[in-house]
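Below are the chains, spelled out letter by letter.
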Amino acid sequence: MLRPVLFALALAFTSVALAQPEPPRIKNAQAGFSGQFRNRHWTPLRVDIENAGPARTGLLVAELEGTFTKQRVQFSRPVFLPAQSVRQFEFPILPDSRPGQPDKIRFDKVVSVKLTDGGLRTWSQTEAIGSQVAEDAFFLLICDASFSGYRGLREMTVGAEKRVFARAQAAPKNLPRRPLDLRGFDALVLGGLTETELSPLQLAAVRDYVAVGGHLIVLPSAAPGITPTLAELLPGTFVSPQRVETLPAVAGEFIFTNGVNVARLIAERGETLAGTRERPWVLSRNAGAGRVTMLAFDAGSEEFNVWPGAKDYWRELLGNAPQFLHHADRLLARAPQTERVLASLSGIKVLSRHGVLLYLAGVCGGLLLVLAAARFTARPERGWAVAGGLALVTAIATVTMAARWKATPEPFLNEVYVATARSGEDVGRVQAALGLFSPTEQAFHLQTSTDTAALGPGRSALTPPELFRLDYEARLSVSNLAVRADDLRTLIGRAPQTTVRAPVLRMSIGAEGLSLVVSNRSDAPLSGPFLKFNRFIVPLPDVAPGAQLEKSGLSVNAHSVSTELLRSTRQQERERLREAFFPAPVYSGDLAMTYDERRFQKLLRGREPLPVLFSWSDTPAFPLAAIEPSVARRAVGLLAVEGSIEFTGPTLLLPPGVMPLQLRNLGAHAFERSEGCFASGRPGQVALEFSLPPGCPSLTAQELTVHFEFRGAAFQPAVYVAQGDFNMQGELQQFLARMEKISATPPARVPEPSRFLKAGARSVIVLVDIAYSAEGKKLGTSMNPNLHTWQLRDLDLELKGTTQ
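All values derive from a computational prediction rather than experimental measurement.

For the rest of this paragraph, the subject is the overall build of the protein. Helix and strand content of the protein: 12 helices and 45 strands. Pairs at least 24 residues apart make up 74% of the contacts formed inside the protein by residues separated by at least 6 positions. Carbon and sulfur atoms provide 54% of the accessible area of the protein, an area that totals close to 37,300 Å².

The following block contains the structure:
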């Protein structure tokens with residue numbers, strides 16, 4: 001009797017199983033562009049899904065365990081799958097892979113991707129692969145109809161920092177539609193719009209890319225697809241396309257046998273980098289925190305790249321990409337000072353000295369008022385009893401309220417940020433480290449304000465790794481972010497800032513040194529401001545709202561950023577944040593720093609080709625649409641405003657610290673502690689090249705003075721000077737005889753300085769040869785390199801010259 005029943009049940013279950021439609025499956029998943037992605041930068045994940053059954057809704061989830069953050073990160077977005085369909089879905093992810101060799105291409109697993117029903121059931125899963133581009137590399141996106149002309153752009157370095165170069169390619173129709181997808185690129189080449197017109201979403205993504213610091217390069221082949229929206233970004237207009245055989249302003253006398261496509265440029269704004277204002281060949285303008293450059297010739301064509309100097313031209317063009325505090329969020333993520341500042345902001349605020357004095361004055365005033373009123377009563381002696389009782393009640397109430405306040409601490413969202421903008425502009429960008437503190441175990445939900453804002457996990461040392469959920473529909477949100485009791489959960493983000501009113505900074509250099517004008521356009525004072533131009537630092541007093549500050553005749557480097565003498569808690573927080581961006585040199589014999597960390601700090605700390613005005617703020621700046629449950633916010637912020645500079649001749653005085661420097665000998669990298677500062681426990685040479693600042697006219701030197709401070713009784717320095725084009729290939733010791741030896745007592749004046757810097761030249765080489773002194777030779781093999789060290793501090797060059 002039981003056997004037929006079991007057989008019927010089995011048959012029924014089999015029929016139900018056979019009637020179940022086949023679940024959707026993931027056909028393919030790929031990260032990045034052409035399989036390439038930049039590590040720890042936002043990049044698109046493309047997933048192809050086949051649904052052979054009825055229409056369904058599901059949830060697409062990508063998960064990874066971060067190598068740097070040490071957290072388990074989930075990225076998710078809802079999907080709709082029509083019946084009998086194959087669809088491609090795309091959403092941004094933040095890869096965090098183990099760094100590989102910068103010069104090797106290798107495809108590895110990036111994230112695990114699974115398709116679920118939104119609950120516990122998983123329909124399909126796979127691994128997304130991609131080729132990692134180093135975090136500190138220069139990454140170029142080529143968006144053109146043809147890529148054959150770009151094949152020569154490989155195996156090269158970009159910029160004075162010698163950044164490793166990598167490129168990715170995409171057809172114009174596949175240009176990203178989300179601002180986050182372009183975050184990982186330093187420059188974007190746009191061409192080949194003959195048959196393609198960018199969509200409104202693509203145009204919005206390009207505008208945002210430039211606004212937050214990207215470099216857009218537009219070729220003449222993009223002219224047919226330039227819409228009015230895109231034209232608002234450009235510094236000029238393309239007209240009259242034609243084909244020519246020579247480009248004198250670019251390639252000199254080289255003849256392009258097959259010709260090269262060009263278009264006439266009409267300059268409307270910006271500056272001319274090649275050619276004349278009437279006939280420009282290269283136009284460029286600043287836009288937001290980024291830059292837009294137009295080329296009158298098709299530099300991406302095969303015909304142009306037959307020119308032997310094409311690769312060098314691209315290297316120079318890409319080297320002008322904006323780098324002004326472009327990676328401040330990455331410095332905040334790596335700096336140990338960041339967590340200390342965030343933790344210090346989480347404390348319970350108590351009354352300041354001013355507040356305590358006001359409280360005591362109020363209590364005393366109340367008691368005196370009671371005593372004075374009692375004098376007009378029948379028994380004035382009772383006033384003392386009333387005043388004493390009132391003082392006792394007030395004290396008990398104050399202590400009770402303070403104890404209850406301290407016993408019920410509140411959660412806080414603390415913020416350490418850098419807000420950057422250009423002089424006089426009303427838009428900028430903010431890069432921040434956020435610290436979410438809670439006195440009790442709690443989960444939070446954070447929603448970004450726009451689709452241009454990005455949030456990601458900070459570093460964590462917990463095991464097992466904590467879960468960090470990121471959802472993406474129209475914009476990013478962090479859901480169910482768990483914070484343990486009395487703990488701090490860090491996030492790293494960057495976003496545009498539309499509410500800034502940046503001050504105006506104008507600087508000029510003349511015969512007496514530097515002069516500057518600072519105008520505060522905002523409603524808040526500029527607190528603790530200081531000016532930094534390369535290594536030249538000028539501390540400034542606070543500037544009130546609407547006020548203007550002028551200084552002139554600045555010729556001495558202060559080497560200090562503050563004029564305050566008292567060290568308050570606020571000053572300590574600011575010093576910690578300042579140390580993350582401008583670390584003080586550590587003059588130890590051997591500095592323990594990994595190669596990866598040294599490379600990161602060297603390449604990504606940021607170039608400042610123009611003077612920068614820094615000031616401080618305690619107002620939160622990172623834009624968030626919502627935080628649930630709501631919390632109070634505290635902040636320590638650094639405002640950085642890039643100014644303008646003018647050189648007023650014919651005589652110019654460039655004080656120490658103004659001229660950019662570059663280390664010329666690789667052997668001195670182990671000695672370097674910061675720009676112009678070196679230390680070691682063994683002899684060696686330090687060769688620096690000092691160049692004229694960008695925009696400075698060529699000078700004939702009237703005075704050259706080498707400034708430095710040397711410490712180390714067991715060593716002695718010898719100082720040499722040479723022209724900037726001096727060939728230094730090989731062992732430096734063999735070149736010393738052909739260089740000019742000058743006094744080793746600072747400041748060291750260079751005799752006949754016009755021999756080393758004259759019209760047409762733009763740099764001077766200063767070499768310091770550190771050898772054992774007579775005392776050091778006596779020590780011989782007994783010398784301890786950790787105890788007997790030398791320090792070369794603030795090696796710099798002062799120049800006075802004429803433009804004639």
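Now, onward.
Let's shift gears to empty space enclosed by the protein. One pass over the full model with this rule turns up seven cavities of 30 Å³ or more. Its boundaries defined by the atoms lining it, the largest cavity holds a volume of some 240 Å³. Contributing to the lining of the largest cavity are 18 residues, with R40, W42, L94, D329 and R330 lying nearest its centre. Counting residues per element, the ones that place at least two in the lining of the largest cavity are α6 (328-334), β22 (454-457) and β25 (487-497). A per-element tally of the lining of the largest cavity places β22 first, with four residues. Partitioned by chemical class, the residues of the lining of the largest cavity number seven nonpolar, five polar and six charged.

This part covers the sheet that holds strand β33 (residues 632-642). As summarised here, the arrangement of the eight strands in space is β22-β25-β20-β19-β33-β31-β28-β29, forming an open sheet in which the pairing is mixed. The open sheet terminates on both sides in strands that have one partner only, identified here as β22 and β29 (536-539). Here the average twist between neighbouring strands, direction ignored, is 20°. In this structure, β22 lies alongside β25, joined through four bridges in antiparallel fashion. Looking across to β25, one finds that G456 is bridged to I492.

Here we take up the pairing of strand β9 (residues 138-143). Of all the six residues making up β9, six are buried; the element is thus mostly covered by neighbouring parts of the structure. Burial of β9 is two-sided: the residues F138, L140 and I142 facing one way and the residues F139, L141 and C143 facing the other way are all buried. Looking at chain direction, β9 and strand β11 (residues 163-170) are connected through six bridges and run parallel. When the sheet's bridge partners are listed, F139 is paired in β11 with A166. When β9 meets strand β12 (residues 187-190), the two strands line up parallel, connected through four bridges. The partner of L141 across the bridge, within β12, is L188.

Its boundaries defined by the atoms lining it, the second largest pocket holds a volume of some 690 Å³. The wall of the second largest pocket is formed by 31 residues, among which Y417, Q497, V500, S617 and T619 lie closest to the centre. Those elements that provide at least two residues to the lining of the second largest pocket are β19 (412-422), β25, α10 (569-581) and β31 (612-617). In terms of residue class, the lining of the second largest pocket is made up of 14 nonpolar, 12 polar and five charged.

Per-residue pLDDT for the protein averages 86, and the proportion of residues at 70 or more is 90%. For the protein, the element scoring lowest by mean pLDDT is helix α1 (residues 2-19), at 51; β12 scores highest, at 96. Below a pLDDT of 50 lies the segment residues 13-18, which in the model reaches zero contacts outside its immediate sequence neighbourhood of four places, other chains included.

To continue, consider helix α7 (residues 336-345). Of the residues making up α7, those classed as buried are Q337, T338, V341, L342 and L345. Each buried residue of α7 sits inside an arc of 135° when the element is viewed along its axis, so together they form one side. The inward-facing, buried residues of α7 contact α6, β19, β20 (428-438), β25, α10 and β33.

Read from one edge to the other, the open sheet built from four strands follows the order β30-β27-β26-β34, with strand pairing classed as mixed. The open sheet has two edge strands, β30 (548-554) and β34 (644-647), and neither has a second partner. Pairs of neighbouring strands in the sheet enclose a mean axial angle of 15°, with direction left out of account.

On to the pattern of salt bridges, then. In the structure shown here, the tally under the stated rule is 29 salt bridges. Between E303 and R243 there is a salt bridge, with the nearest N and O atoms lying 3.5 Å from each other. Taken together, the residues span a long stretch of sequence, with E303 in the loop between β18 (290-295) and α5 (310-318) and R243 in strand β14 (residues 236-246) at a distance of 60 residues. Residue classification places E303 among the partly exposed residues on the basis of a relative accessible area of 28%. Given a relative accessible area of 42%, R243 falls into the partly exposed group. Note that E703 and R749 form a salt bridge whose closest N and O atoms lie 4.0 Å from each other. With E703 in strand β40 (residues 700-711) and R749 in strand β43 (residues 748-749), this residue pair connects regions lying 46 residues apart in the sequence.

Parameters and conventions
- Residues numbered from 1 in each chain as written.
- Predicted model: local features only at pLDDT ≥ 70, side-chain atom pairs only at ≥ 80, totals over all residues.
- Heavy atoms only, no water.
- Helix = DSSP H or I, 4+ residues; strand = E, 2+ residues; numbered from the N terminus.
- Contact = heavy atoms within 4.5 Å.
- Areas by Shrake-Rupley, 256 points an atom, 1.4 Å probe, with all protein chains shown as cover.
- 1 Å grid on protein atoms, 1.4 Å probe; cavity = no way out; pocket = protein on both sides within 12 Å on 5 of 7 lines; lining within 4 Å.
- Points joined across faces, edges and corners; volume = space filled by probe spheres on them.
- Nonpolar A, V, L, I, M, F, W, Y, C, P; charged D, E, K, R; others polar.
- Pairing = 2+ DSSP bridges.
- Axes fitted to C-alpha atoms, helices over the stretch in contact; angles between N-to-C directions.
- Buried < 20%, exposed > 50% of the residue type's maximum accessible area, 1.4 Å probe, protein only.
- pLDDT = per-residue confidence, 0-100.
- Arc of directions from axis to C-beta.
- Salt bridge = Lys/Arg side-chain N within 4 Å of Asp/Glu carboxyl O.

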